[in-house]
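Single-letter residue listing:
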Amino acid sequence: MTMKNRILLLLAFVLLTSHDMFLKLDSYFLQPNTPATIQLYNGTFERSENAISRDRMLDASLVGNGERIAVDSTQWSDMDNAAILSFTTGEAGTWVAGVSTAARNIEMSAEDFNGYLEHDGVLDMLEWRRENNALGKDAVEKYSKHVKTIFQVGEAKTEDWQTVLGYPIEFIPLENPYDLHPGHSLSVRLLWQGEPLVNQLVYLGFQPSPDPGQSHSHSDEADHSHDDAAGADHTHENTRSLTTDGDGIVRFPITAKGVWYLRTIYMTLSDAPGLTHESNWATLTFGVGEGHSHGDTVSPAPEDGTSAGEPEMQDEDDYTFVYGLLVGVGLALLVFLLFRRPKRS
């Protein structure tokens, strides 16, 4: 990928940020019976735009050693636009954390709604609007978010990774992610109201492991938001789209050490008073081989057929392009801030 294309992708990401939600850890490998934190990001996977208020959390749970533990509201605090869950790990095992939020409504113009469907990859609803001459209709959407993370405490593996939290929509792995290493594959089932959700578009993302000893701050990362995906061509590098099969399952290779995540938005038409659509958002995060250096990381192969890590040649036009684009980015951001559409939280 050329420098020019990378900058265009970055520009698209900045201008099209939406509001996905993720549970994330600085490390997905923790020691037993020690203080730890989990961050709840609302924005993109790289940066949280706002902290979720406690009264929006219908459920916040930790699951380990066969026990589901309700998270107390006093365990939450806010930092760098993210909600931070402080807790003490229990005995060794594979643990799960989950948060499910209350529904909210958002009203959008037809143009904004179509843009959101395209850029967040809700392509089935966008196609329905095309086929039914509805692209010019405004929308009032009821939405809620249901997020999970799986992390490993100590060395012992337990069966808690397969716990169904009972959220309206949720991802359930079919094997323990912490039994896997690069070169393996993982199958994950998507449930809607407890049943497999078939033919549903799912986005798979990846973030390489940080170098050992590299400093980290919560502001370095964040939640997902509405335009984190540009249709099937996600604006993130190392991200691709999948579709659940007849059993509601997606299967994908684990190609590298780092943080992996799945995200989806299931949207239906609504005939409830005052509404046109209802959506439920789900994400799942987990780690593979955390703590290894970039030098040990096997990067996913680029789609253009070049080898991973292959050096790229740059020319002077690239730098001229950069300077011009920076001016354009500033102007675009100014326009975006003045006329931005309503945000989801």
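Draft legend 1. Structural detail: the overall build of the protein. A tally of regular secondary structure across the protein gives four helices and 18 strands. Approximately 15,900 Å² of the protein is accessible, and the part contributed by carbon and sulfur atoms is 52%.

Draft legend 2. The side chain of H277, seen in detail. Among the structural elements, H277 can be located in strand β18 (residues 277-288). Residue classification places H277 among the buried positions, given a relative accessible area of 3%. Among residues more than four places away in sequence, those in contact with H277 are F113, M125, R129, A139, V140, E141, K142, M267, T268, L269 and S270.

Draft legend 3. The pattern of salt bridges, seen in detail. Scanning all chains against the criterion turns up six salt bridges. In this structure, R68 engages D59 in a salt bridge whose closest nitrogen and oxygen atoms are separated by 3.2 Å. Residue K148 is joined to E170 by a salt bridge in which the shortest nitrogen-to-oxygen separation is 2.9 Å. Of this pair, K148 sits in strand β10 (residues 139-153) while E170 is found in strand β11 (residues 169-173), placing the two residues 22 residues apart along the sequence. You'll find K148 and E170 in the same group, each marked buried. Linked by salt bridges that have partners in common, D20, D120 and R263 make up one network.

Draft legend 4. Molecular detail of the packing of aromatic side chains. Enumeration according to the criterion identifies eleven aromatic pairs in this entry. Plain terms: the ring middles of F252 and W260 are 6.4 Å apart, the flat faces sit at 25 degrees to each other, and that makes the pair stacked. Overall, the relative accessible area of 1% leaves F252 in the buried class. Residue W260 is classed as buried on the basis of its relative accessible area, which comes to 3%. An aromatic cluster is present here, built from F22, F45 and Y261 joined pairwise through their rings. The residue whose ring lies beneath K24 is F45, and the NZ or CZ to ring-centre distance is 3.9 Å.

Draft legend 5. Here's a closer look at the sheet that holds strand β1 (residues 20-24). A sheet is described by the order of its strands in space; here four strands give the open sequence β1-β3-β7-β6, paired in antiparallel fashion. The open sheet has two free edges, formed respectively by β1 and β6 (76-79), since each of these has just one partner strand. On average, each strand axis in the sheet is tilted by 25 degrees relative to the strand beside it, whichever way the strands run. Two strands pair when backbone bridges link them, and β6 and strand β7 (residues 82-88) are joined in this way by four bridges, in the antiparallel orientation. Bridged to M79 within β7 is A82.

What counts, and at which threshold
Residue numbers restart at each chain and count upward from 1, following the sequence in its written direction. Predicted model: local features are reported for residues with pLDDT of at least 70 only, side-chain atom pairs are reported and counted for 80 or more only, and whole-chain, interface and lining totals are derived from all residues. The side-chain figures draw on all heavy atoms in the structure; neither hydrogens nor water molecules are used. Numbered from the N terminus, helices here are DSSP runs of H or I no shorter than four residues, and strands are runs of E no shorter than two. Per-residue and other accessible areas were derived by the Shrake-Rupley procedure at a 1.4 Å probe size, with only the shown protein chains allowed to occlude residues. Relative accessible area decides the class of each residue, using a 1.4 Å probe on protein chains only: under 20% of the type maximum gives buried, over 50% gives exposed, and in between gives partly exposed. Residues count as neighbours in contact if any of their non-hydrogen atoms are within 4.5 Å of one another. Just to be clear on terms, a salt bridge is a Lys or Arg side-chain nitrogen sitting within 4 Å of an Asp or Glu carboxyl oxygen. Aromatic rings from Phe, Tyr and Trp, with only the six-membered ring used for Trp, were paired whenever their centres fell within 6.5 Å, and each pair was classed as stacked if the ring planes differed by under 30 degrees, edge-to-face if by over 60, and tilted otherwise. Consider the ring centre and the ring normal. A charge sits over the ring if Lys NZ or Arg CZ is within 6 Å of that centre and within 35 degrees of that normal. Whether two strands pair comes down to DSSP finding at least two bridges between them. Lines are fitted to the C-alpha atoms to define the axes, a helix being fitted only along its stretch in contact, and any angle between axes, read from their N-to-C directions, falls within 0 to 180 degrees.

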